[in-house]
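Each chain, letter by letter, is given below.
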Amino acid sequence: MPLPLRAFLLATLLLAPLPAAATDTPPPVAGPAPAAAPRPWSPSEKAIAKGSPRARVAVPDFTALPPAPLLPAGLAGSVRRVDLPPGEKLVALTFDLCETAGEVAGYDGEIVDTLRRRGIAATFFVGGHWAATHPERFRELAADPRFEIANHTWTHANLRLVDDARLAREILAPEAAFAEAGWQARSKYLRFPFGACDARSMAAVNAAGMAAIQWDVSTGDPSPFASADMIVAETMRGVRPGSIVLAHANGRGFHTGAALPRILDRLTAQGYHFVSVGDLLARGRPVVTPTCYDSHPGDTDKYDHWAALGGRKPSTKPLAAPERPFGAPATGTAKPAAGAPTP
Ligand SMILES: [Zn+2]
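Residues numbered from 1 in each chain as written. Predicted model: local features only at pLDDT ≥ 70, side-chain atom pairs only at ≥ 80, totals over all residues.

**Student:** Tell me about the overall build of the protein, and name the residues and values.
**Tutor:** Looking only at helices and strands, the protein has 9 helices and 12 strands in total. For the protein, with 343 residues in total, the buried portion stands at 45%. A separation threshold of at least 6 residues defines the contact pool for the protein, and within that pool the share at least 24 residues apart is 86%. (Helix = DSSP H or I, 4+ residues; strand = E, 2+ residues; numbered from the N terminus. Buried ≥ 20, exposed ≤ 12 C-beta atoms within 10 Å, placed from the backbone. Contact = placed C-beta atoms within 7 Å.)

Take a look at the structure:
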């Protein structure tokens, strides 16, 4: 064969389309597509971007929210833990996703991945601003039946110090942000930033249909000096049946993700099971205190020096007493408190 012809045939062979694959495999059987594995949250994004252009999010319109549901009786005041029937060893792990105005906070992806991998229920107190800057991540949390969504204010203000207009915004804008992200529900619970409340802010939260869920066990994880060992030790020191454990998932639990598997191992070995705040409340009697605090009454007053937030002096009035005696069942309805923002 002359060389040019051989080259021509070779080129034709190389450029020809490949023959169709053999068709001896059966056609795919029709049926439901396998559920997609959830997108991992690792690697974490723990850095907090101050002044990021992404932080410029508009306050969503919260004036058109449907009327708030009434707060169940027995939940007015600061819920710290739940008294359970003897022998019930339940604990609620809670993770705050705090974000202030002008920043984009991150997240500790190890927490979500560990909870999912081990099938652990948890409650996330989500800042509205965080949800607005992380809409996809918010949707993933809200879509996971293991996780309960709750409100951690719009921009993490000290609600003792804000004026009435901002108080309404801090409480209700997150609900509008969650709705904009596609969540078709309403938060039943709110956590006061800094653990700081007063009678006015508590009345407003309760009138918005939300119980104020604080904690009886603080992991201490927001301190950069809190190692995973210290977080584990502090948690184990405080937990008892019915505890509500405070931790952070916004990257300002610096070692929370590393500590979590060890906390789960130890508590599981002691016979504990993990439930959402809502499920914990349903299983026992809420322990409601007349003030908000971290470990003892008055210890969050120190955060009031951040008065530059608005210059308003915190009310020194004590909280109204819970409408029912301590331990009343969380059923029925309570009247909205006076002076609360209109949804
Ligand atoms: Zn917070």
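**Student:** Run through the pairing of strand β2 (residues 78-83), naming residues and quoting values.
**Tutor:** Buried residues dominate β2, accounting for 5 of its 6 residues. Pairing between β2 and strand β8 (residues 211-213): 2 bridges, direction parallel. When the bridges of β8 are listed, V79 appears paired with I213. Relative to strand β12 (residues 285-289), β2 runs antiparallel, the two sharing 5 bridges. When the sheet's bridge partners are listed, D83 is paired in β12 with R285. (Pairing = 2+ DSSP bridges.)

**Student:** I'd like to hear about helix α7 (residues 228-238), residue by residue, with values.
**Tutor:** All buried positions along α7 are accounted for by I231, V232 and T235. Seen along its axis, α7 keeps its buried residues to an arc of 100°; they face one direction. Those residues of α7 that are exposed and angled more than 90 degrees off the buried face are D229 and R237. The inward-facing, buried residues of α7 contact β9 (217-218), β10 (244-248) and α8 (256-269). (Arc of directions from axis to C-beta.)

**Student:** Now, about the packing of helix α2 (residues 109-118) against α8: what can you tell me, with residues and values included?
**Tutor:** Packed helix pairs are specified by the crossing angle of their axes together with the interaxial distance, meaning the distance between the axes. Where α2 meets α8, the axes come as close as 8 Å, and the angle between the chain directions of the two elements is 25°. Regarding the angle of α2 to α8, the classification is roughly parallel. The crossing of α2 and α8 is right-handed. Contacts between α2 and α8 pair E110, I111, T114 and R118 from the former with T256, G257, A258, L260, P261 and L264 from the latter. Of the residues contributing to the contact of α2 with α8, the split by class is 5 nonpolar, 3 polar and 2 charged. (Axes fitted to C-alpha atoms, helices over the stretch in contact; angles between N-to-C directions. Parallel < 35°, antiparallel > 145°, perpendicular 65-115°, else oblique. Left-handed = near helix turned anticlockwise from the far one by under 90°. Nonpolar A, V, L, I, M, F, W, Y, C, P; charged D, E, K, R; others polar.)

**Student:** Describe the confidence of the model for the protein, with residues and values.
**Tutor:** Residues with a pLDDT of 70 or more make up 79% of the protein, whose mean pLDDT is 84. In this model residues 7-24 is a low-confidence stretch, pLDDT under 50, and it forms 0 contacts with partners more than four residues away in sequence or in other chains. For the stretch residues 321-343, pLDDT sits under 50, and the model shows 54 contacts to residues farther than four places along the chain or on other chains. (pLDDT = per-residue confidence, 0-100.)

**Student:** Please set out the pairing of strand β6 (residues 147-151) residue by residue, giving values where relevant.
**Tutor:** The buried fraction of β6 amounts to 5 of the 5 residues, a majority that puts the element mostly inside the structure. The two faces of β6 match: F147, I149 and N151 on one face and E148 and A150 on the other face are all buried. In the sheet, strand β5 (residues 122-126) pairs with β6 via 5 bridges, with the strands oriented parallel. Across the sheet, residue T123 finds its bridge partner in β6, namely E148.

**Student:** Describe the nonpolar core, naming the residues involved and giving the relevant values.
**Tutor:** Soluble, globular proteins show a tendency: their nonpolar side chains are buried together. If you look at the biggest cluster of nonpolar residues, it comprises 85 residues, and the most contacted ones within it are L97, F124, V126, A150, A212 and V245. Ranked by the residues each element gives to this core, the list is headed by helix α5 (residues 164-180), at 8 residues. When near neighbours in sequence (up to four residues on either side) are disregarded, A150 contacts T123, F124, F125, V126, S187, Y189, L190, R191, I213 and V277. (Core = buried A, V, L, I, M, F, W, Y, C linked by C-beta atoms within 7 Å.)

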